[in-house]
Amino acid sequence: MNGDAYTKNSALSALAETHADPKYRPSTAADPATAFWGLQLRAKGLSLLDILRPPWSWGTKTWKSFTGYYGYVTIKSPFAYYAALAAVYAALAGWVLRATFAARDPQDLPLLAAAAGAAGGVVLLSLYHSWVNDFQAQGRYLFPSLAIASIPFARAATRFDARDVRIVRALIAVAFALSAFSFGFRGLARIAKAAGV
């Protein structure tokens, strides 16, 4: 038997207290003077709104990490790349919404609302974790929202006509091309330079 959650958490805290560097220990995590800068921001007096604004900028940093932020989050693409990719994703979402509302199927709206709520929940959980536990504005935490969003997308795709299919394929191709540019010409090219290769 492994024990209950309280016992496990107590054992992990005791291990961290014994072996972790002092700035990462549970006993000092909320102390701004001794703790690692990103730990327990709420306990250190920052509001949720504070971590959305500079210098924290959780939303901006998470979006960049979600779409292409390389190295130790030090190598990024130009602003135009992130803006263009946001526009492409918004256009794809718009196409899904258009097809969903045009179909007038009574089952579609609850599915769409559930998917939007669950995907939004993933984003809120990531934000909450950064505020309460450890500031990690990392896009990988949002990846489950893509799987959730694929459900209404797949349902809407069954209703696309030939024109819709062409437009959606073009948008996906643009997203792929932008991402490949960012990865190849920003990520790979600059990681090698940063590593001194």
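For every chain, the first residue of its written sequence is number 1, and the numbers climb from 1 along that sequence. Whole-chain, interface and lining totals are the exception, using all residues; otherwise, since this is a predicted model, local features are given only for residues with pLDDT of at least 70 and side-chain atom pairs are given and counted only at 80 or more. With hydrogens and water excluded, all non-hydrogen atoms of the structure serve as input to the side-chain values.

1. A word on the layout of surface pockets
Within this scheme a cavity is a closed region of a 1 Å grid, computed over the protein atoms alone, that accommodates a 1.4 Å probe without allowing it to escape, whereas a pocket is open but has protein on both sides within 12 Å along at least five of seven lines; lining residues each have an atom within 4 Å of a point. Grid points are joined across faces, edges and corners, and a volume is the space filled by probe spheres set on the points. By volume, the largest pocket amounts to about 910 Å³. Around the largest pocket sit 26 residues that line it, and Tyr89, Ala93, Ser145, Leu146 and Ala149 are the ones nearest its centre. Secondary structure follows DSSP: runs of H or I at least 4 residues long count as helices, runs of E at least 2 residues long count as strands, and numbering of each begins at the N terminus. Those elements that place two or more of their residues in the lining of the largest pocket are α2 (58-67), α3 (79-103), α4 (108-132), α5 (143-157) and α6 (162-194). Ranked by the residues each element gives to the lining of the largest pocket, the list is headed by α3, at seven residues. Any residue outside Ala, Val, Leu, Ile, Met, Phe, Trp, Tyr, Cys, Pro, Asp, Glu, Lys and Arg is labelled polar, Gly included; the first ten of those are nonpolar and the last four are charged. By residue class, the composition of the lining of the largest pocket is 22 nonpolar, four polar and no charged. One number sums up the size of the second largest pocket: a volume of about 230 Å³. Forming the boundary of the second largest pocket are Trp37, Pro55, Trp56, Lys61, Ser65, Tyr69, Val73, Phe135, Gln136, Ala137 and Gln138. Tallied by class, the residues present in the lining of the second largest pocket amount to seven nonpolar, three polar and one charged.

2. Topic: unusual backbone geometry
The residue after Pro54, namely Pro55, is reached through a cis peptide bond having omega 10 degrees. Looking at where Pro55 falls in the secondary structure, it is placed in the loop between α1 (5-19) and α2. Unusually for a residue other than glycine, Ser57 sits at a positive phi of about 45 degrees. Its place among the elements puts Ser57 in the loop between α1 and α2. For the exposure calls, accessible area comes from a 1.4 Å probe over protein chains only, and a residue counts as buried if that area is under 20% of its type's maximum, exposed if over 50%, partly exposed in between. Ser57 gets classed as buried once you look at its relative accessible area, which sits at 15%.

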